[in-house]
Amino acid sequence: MKKESTLTVEEQRYRVLIDNAPEAVVVMDVELGRFIDSNENACKFFKLSREALMTKGPADVSPKIVFGRLATNYSMAFINDALQGGNPVFDWVHMDSEGNPIPCEVRIVRLPPYDKQLVRGSIIDKRERNKLEQALKDREERLQLALDSSGLGCFDWFPLESRLDWDKQMHHIFGLPVESEVDRNEYFFSSLHQEDKERVINNFNYLIFGDTQETTFEDEYRILKNGEVRHIRSNGLIFRDGQGGVNRVIGTVQDVTSRRQADHQLAYTLRKLQLSLDSAKLGIWRYDLETKHLDWNEQLLSIYGLAEKEFEDNIQAWKSRVHPDDASYVDERFAVIGEGKNVYDIEFRIIRPDGEIRYINGSGSPEFDSQGNLVALIGVNLDITNLKKKEIALRESEERFRAIFEQSSLSYFIRDMEGRFIDVNQAIIETFGYTREEFLQLGIKDIAPLNDQTEILLKKIDDSLNATGSVEFESMARKKSGELFPGFVSSTLSNIGNQKFVYGAGRDLTESKRMDSIIWIKTLLPVLPNAG
């Protein structure tokens, strides 16, 4: 009775251990070649009912070939090992009832009574573990790719052990071969630039031994790599024990020499740009389309006659300073920039706070981000008031000149050094009988007498102009009709740019000559014989 009671207890213990095991558990009778017991997890694992599973053996729930070997023979090697008292643990591939392969880890142990060949198999599904391991591997590979692409070197420092581990990139940055047996701690400090060494050592001592509980650090220093100065940036995490002591530091370093050089070059370029802007007195603006923030530089504030504290950083405040007569035009051109197009040479007027009107020449361009999205509008303003005043004065002067030129009774003309007419007034048109269009197709020779002396006279005129800058002369002239008449011409040589032009004014001497003849006759008559 006692033996039966003890057996019942043992069976209960066995049942509890089998049924409550977290993994799939099967018991196999080796002589029968099939399973004779299992827990619920095994049924779920193989997607079989307990009754169906009890008709199967290892060969029935495994592919024919496992890891390149016949599954039946391969599995029996592990089973025999267990029957001999071993406890084999091995990787395997099982299959569920749907034919899905299941990578797993199997542990086999022999079960009593030892007069029978019974083994228990504990099966651990490795699919989730494999996924996690693969995910971890993928993450590590991505991290390494990121580190490699960014040029980051990683280090792991154990201060209490004076041990410093470097990855491959760290060795490259510091110029130390990976296979070198040199102590990394010593090599690191010996590589520091002499001007930075004391500061870096003091910073490390403060973080490790100082009265601080900081858990991160960031530093920048120089090293000597094969005699060349390199700029290094370092960041990391500090791990402390319960008493605040540092037991580990993990971090990265990056060679930022190129960036440093680029920063210096950029700073130099910006200084030159600022000097150029200052000398050109260009005002710069930028309008952020997301924040609706308008930003001006100091020169633009000066152009608009505003102090910094008076500046309102919104587009409406700027538009309110545009001259009302130019507001629509400015709105239209500003909208074009908002459509992502460049706009150049916008001329408009502004009204300063003191009421002064200033003339502005502006240009604007769209600003896009790396994805091609329009993010801002940017442009320049140039105060052209003084230039505009000169243009207005010049235009008024030209208008006065044109009025005198056109309304004068004298025959005005402008010609080039080849003798071709460039401009004529109404008086000369009426005198010679040509239209303006016809005149501009003619030259000075076309209104001179048709004789051998014309070429000689014209050469003398140009020689005198080149020598003295001006000349006056009387000569016969020829109308469109062919009629000849006496004329007086005053010409002045003028240089405009690299070109020479002749400004001339002439008048018809026909009436003057007639009057001179009359006066001469009247003077002569009294002294002539028989004059009475």
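Above this note sits the structure.
Student: How should I be thinking about the nonpolar core in this particular structure?
Tutor: Nonpolar side chains tend to gather and get buried jointly when the protein is soluble and globular. Ranked by internal contacts, the top residues of the largest apolar core, which has 28 residues, are Phe46, Leu53, Trp92, Ile108 and Ile123. Secondary structure elements with two or more residues in this core: strand E1 (24-29), helix H2 (40-46), helix H4 (71-83), strand E5 (89-95), strand E6 (101-111) and strand E7 (118-125). The element best represented in this core is H4, accounting for six residues. Among the nonpolar cores identified, the runner-up in size contains 23 residues, and Leu164, Val200, Leu207 and Val253 belong to it.

Student: What is the right way to look at helix H16 (residues 453-468) in this model?
Tutor: In an α-helix, one full turn covers 3.6 residues, which means residues spaced three or four apart are oriented alike. Along its 16 residues, H16 runs 22 Å from first to last C-alpha, staying within 8% of the 22 Å computed at 1.5 Å per residue. Regarding H16, the residues found buried are Thr454, Leu458, Ile461, Asp462 and Leu465. With its buried residues spanning 90° around the axis, H16 presents them on a single face. Facing away from the buried side of H16 by over 90 degrees, the exposed positions are Gln453, Lys459, Lys460, Ala467 and Thr468. Against the buried residues of H16 lie strand E18 (411-416), strand E20 (470-478), strand E21 (484-496) and strand E22 (499-508). Immediately beyond the C-terminal end of H16, within one or two residues, lies Gly469, with a positive phi of roughly 90°.

Student: For this particular structure, what's the right way to read unusual backbone geometry?
Tutor: Excluding glycine, residues mostly have negative phi values, and the peptide bonds linking residues are mostly trans. With an omega dihedral of 0°, the bond running from Pro112 to Pro113 counts as a cis peptide bond. Along the chain, Pro113 turns up in the loop between E6 and E7. Backbone geometry at Lys47 places phi at a positive 55°, although glycine is not the residue there. Structurally, the position occupied by Lys47 is in the loop between H2 and helix H3 (50-53). A relative accessible area of 41% means that Lys47 is categorised as partly exposed. Its identity is not glycine, yet Phe67 carries a phi of approximately 55°, on the positive side. In this fold, Phe67 is placed in the loop between strand E3 (65-66) and strand E4 (69-70).

Student: How should the environment of Ile429 be read in this particular structure?
Tutor: Following the sequence through the fold, Ile429 ends up in helix H14 (residues 426-432). Sequence separation of Ile429 and Arg142 is 287 residues, and the distance between their C-alpha atoms is 88 Å. Ignoring sequence-local partners within four residues, the contact set of Ile429 consists of Val424, Tyr434, Thr435, Arg436 and Phe439.

Student: For this particular structure, what's the right way to read the sheet that holds strand E11 (residues 228-240)?
Tutor: In a beta sheet, neighbouring strands pair by backbone hydrogen bonds and run either parallel or antiparallel. Strand order in this open sheet of five strands is E9-E8-E12-E11-E10, and the pairing throughout is antiparallel. The open sheet is flanked by strand E9 (163-166) and strand E10 (216-225), the only strands paired with a single partner. Taking the axes of each pair of neighbouring strands and ignoring which way they run, one obtains an average angle of 25° across the sheet. Examined bridge by bridge, strand E8 (residues 152-158) and E9 share four bridges and lie antiparallel to one another. By the bridge assignment for E9, Phe158 is matched with Arg163. Seen against the sheet, helix H7 (residues 184-191) touches E8, E9 and E10 and runs at an angle of roughly 80° to E9. Contacts from helix H8 (residues 194-209) reach E8, E10, E11 and strand E12 (246-255) within the one sheet, and its direction differs from that of E10 by about 150°.

Student: What's the story with H8 in this structure? I'm lost.
Tutor: Taking 1.5 Å of rise per residue, the 16 residues of H8 would be expected to cover 22 Å, and the 23 Å separating its terminal C-alpha atoms lies within 8% of that figure. Taken as a whole, H8 has its buried residues at Asp196, Val200, Phe204, Leu207 and Ile208. Along the axis of H8, the buried positions cluster into a sector of 90°, meaning they face one direction only. Among the exposed residues of H8, those oriented more than 90 degrees off its buried face are Glu195, Glu198 and Phe209. On its buried side, H8 packs onto E8, H7, E10, E11 and E12.

Student: Hey, could you run me through the pairing of E6 in this one?
Tutor: Within a regular strand, the side chains alternate between the two sheet faces. With seven bridges connecting them, E5 and E6 associate as antiparallel partners. Within the sheet, the bridge partner assigned to His94 lies in E6 and is Ile102. Once E5 ends, the chain turns through five residues before running back antiparallel as E6, passing Gly99 with a positive phi of about 85°. Strand direction decides the pairing type here: E6 and E7, joined by eight bridges, are antiparallel. Bridge assignment links Glu105 to a residue of E7, and that residue is Ile124. Counting the residues between successive antiparallel strands, the hairpin from E6 to E7 contains six residues.

What counts, and where the lines are drawn
- Residues numbered from 1 in each chain as written.
- Predicted model: local features only at pLDDT ≥ 70, side-chain atom pairs only at ≥ 80, totals over all residues.
- Heavy atoms only, no water.
- Core = buried A, V, L, I, M, F, W, Y, C linked by side-chain atoms within 4.5 Å.
- Buried < 20%, exposed > 50% of the residue type's maximum accessible area, 1.4 Å probe, protein only.
- Helix = DSSP H or I, 4+ residues; strand = E, 2+ residues; numbered from the N terminus.
- Expected span 1.5 Å × (residues − 1).
- Arc of directions from axis to C-beta.
- Contact = heavy atoms within 4.5 Å.
- Pairing = 2+ DSSP bridges.
- Axes fitted to C-alpha atoms, helices over the stretch in contact; angles between N-to-C directions.

The quantities given are spatial measurements derived from coordinates; they are silent on function.
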